[in-house]
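Fold and contact review
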Amino acid sequence: MTKNRRIWLTLLLACIAVGVMRAQDKQNMFNPVNFGVTSLAIAPDARAGAMGDVGAATEADANSQYWNPAKYPFNIARAGVSASYTPWLRKLVNDINLANLAGFYRIGDYSALSASLRYFSLGEVFLSEDEDAMSISPYEFSFDLGYSRMLSECFSMGVALRFIYSDITYDYTAESSAGKAFAADIAMYRNGYFMMGNRECSLAWGLNINNIGSKISYGGDDNAEFIPTNLRLGINLTIPFNDYNRFSISADANKLLVPTYPKQEEGESEEEYTDRVQREYYDVSPISGIFKSFGDAPNGFKEEMQEIQWSLGMEYTYNDRFSLRAGYHHEAANKGNRKYFTAGAGFHMSIFTIDAAYVFSTSQSNPLDQTMRFTLGFDLDGIKDMFSTKRRR
């Protein structure tokens, strides 16, 4: 072997070694936040889904229950209801779906009652590969009620109470059962106006801490899972160009208030690691876990910042009838790597609204790629006026 060949072979082996080390480092760095009832973290409606999953401070609609229930008193309509449907993970399977029903009723001019029902079906699952194998249909659902009230002309607060049921047990024995949990949301919303030239623009911000509640357990052991408690903070700017055209831009930041699952340290035995996981994760109460989630990432402040998900969305509306939307959602690679662009449109009549959204993943291996969302909304004021007009005729 010549000297030059030895040099090139040495460089090649060095590059391969560095590549292997980097791959191992990436694998070791991958540390997403784990929680139960993952369906609660899925955006239900097409309008927000077309804007990169933003909604903390956007204009109020019937689906505000998920994003920020404090927005409801600012809704122009007296009452409304919305039904949404999302075929989920179509890149992998064809029978996982999310259905969501939400509605509200404004009481007077300053408060509102709201509710939503969410059902997540995991399709049909066969327990073995035999032809006569038993199949099960795991699912999760939640039901919540909310109340919101304006405390001034531009500021409101809201609360919601939620019941959660998760039946994803594959082993039906006396030691296992469906999981149940209770949770609450606390939300704030402020919408102020200012003049830009001769046009009145609005600048809003919203805050929602949702799913503050108990852990969920499926039986079999004493280790209950955290539910996806989440801090959502958003801002929205709406600019009307004229009486028929307006444009809005929104941004949301999301932080899961769930402790990071501990990683095994170098030189730590399996027994020591299991004991530490029990102390630092499973024995932590839900409220303590909220505070712990701000400073428990293994790699310190840098990893804590990586746990924040960012969303940016834009919406153009013509004559309150037709809307075009686009957005982007970003999650750090070592926390799940959900990075995708979104687009969609909406059509509004006096009685109903139709919205659709589509996901364009930036990663070829992302199962969320080509995900569709559909929402059909009804303005109950419009329905009431329609029947009133028919009676007068």
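Above this text is the structure in question.
Here is a short report on the structure shown in this document. (Residues numbered from 1 in each chain as written. Predicted model: local features only at pLDDT ≥ 70, side-chain atom pairs only at ≥ 80, totals over all residues. Heavy atoms only, no water.)

**Examining the overall build of the chain**
- A tally of helices and strands in the chain yields seven helices and 16 strands.
- Considering the chain as a whole, with its 393 residues, one finds that 46% of them fall into the buried category.
- Across the chain, contacts joining residues at least 24 apart in sequence account for 58% of those joining residues at least 6 apart.
- When the accessible surface of the chain is split by element, carbon and sulfur atoms take 61% of a total near 21000 Å². (Helix = DSSP H or I, 4+ residues; strand = E, 2+ residues; numbered from the N terminus. Buried < 20%, exposed > 50% of the residue type's maximum accessible area, 1.4 Å probe, protein only. Contact = heavy atoms within 4.5 Å. Areas by Shrake-Rupley, 256 points an atom, 1.4 Å probe, with all protein chains shown as cover.)

**A few points about the pairing of strand β1 (residues 79–87)**
- One ladder, built from nine bridges, connects β1 with strand β2 (residues 97–107); its direction is antiparallel. Looking at β2, one finds that Ala-83 is bridged to Leu-101. (Pairing = 2+ DSSP bridges.)

**Remarks on a nonpolar patch on the surface**
- Side chains of Tyr-244, Tyr-318, Phe-322, Leu-324, Phe-347, Met-349, Ile-354, Leu-376, Phe-378 and Leu-380 sit close together on the surface and give an oily, nonpolar patch of about 880 Å² of accessible area.
- Elements that contribute at least two residues to the nonpolar patch include exactly β13 (322–330) and β16 (372–379).
- You can see Phe-378 is positioned in strand β16. (Patch = residues over 30% accessible without salt bridge, like charges linked within 9 Å, V, L, I, M, F, W, Y side chains within 5 Å. Salt bridge = Lys/Arg side-chain N within 4 Å of Asp/Glu carboxyl O.)

**Some points on the side chain of Gln-65**
- Here Gln-65 lies in helix α3 (residues 64–67).
- A distance of 2.5 Å separates the side chain of Gln-65 from the side chain of Ser-114, its partner in a polar contact.
- Those residues within four positions of Gln-65 in sequence are excluded, and the remaining contacts are Tyr-72, Ser-114, Ala-115, Ser-116, Asp-144, Leu-145, Gly-146, Ala-160 and Asp-185. (Polar contact = N/O pair within 3.5 Å; in protein donor to acceptor, adjacent residues only side chain to side chain.)

**Some points on unusual backbone geometry**
- Here Asp-53, not a glycine, exhibits a phi torsion of approximately 65°, which is positive.
- In this fold, Asp-53 is placed in the loop between α2 (46–49) and α3.
- We note that Asn-211 has phi near 60°; this positive angle belongs to a residue other than glycine.
- One can find Asn-211 in strand β9 (residues 199–213).
- Given a relative accessible area of 3%, Asn-211 falls into the buried group.

**Brief notes about the environment of Pro-259**
- Looking at the element boundaries, Pro-259 is found in the loop between β11 (245–256) and α4 (270–282).
- For the pair Pro-259 and Phe-291, spaced 32 residues apart in sequence, the C-alpha separation works out to 8.5 Å.

**Observations regarding α4**
- When α4 is considered as a whole, its buried residues turn out to be Tyr-273, Arg-276, Val-277, Tyr-281 and Tyr-282. Buried residues of α4, viewed axially, fall in a sector of 165°; they line one side. Opposite the buried face of α4, at more than 90 degrees from it, the exposed residues are Glu-271 and Arg-279. (Arc of directions from axis to C-beta.)

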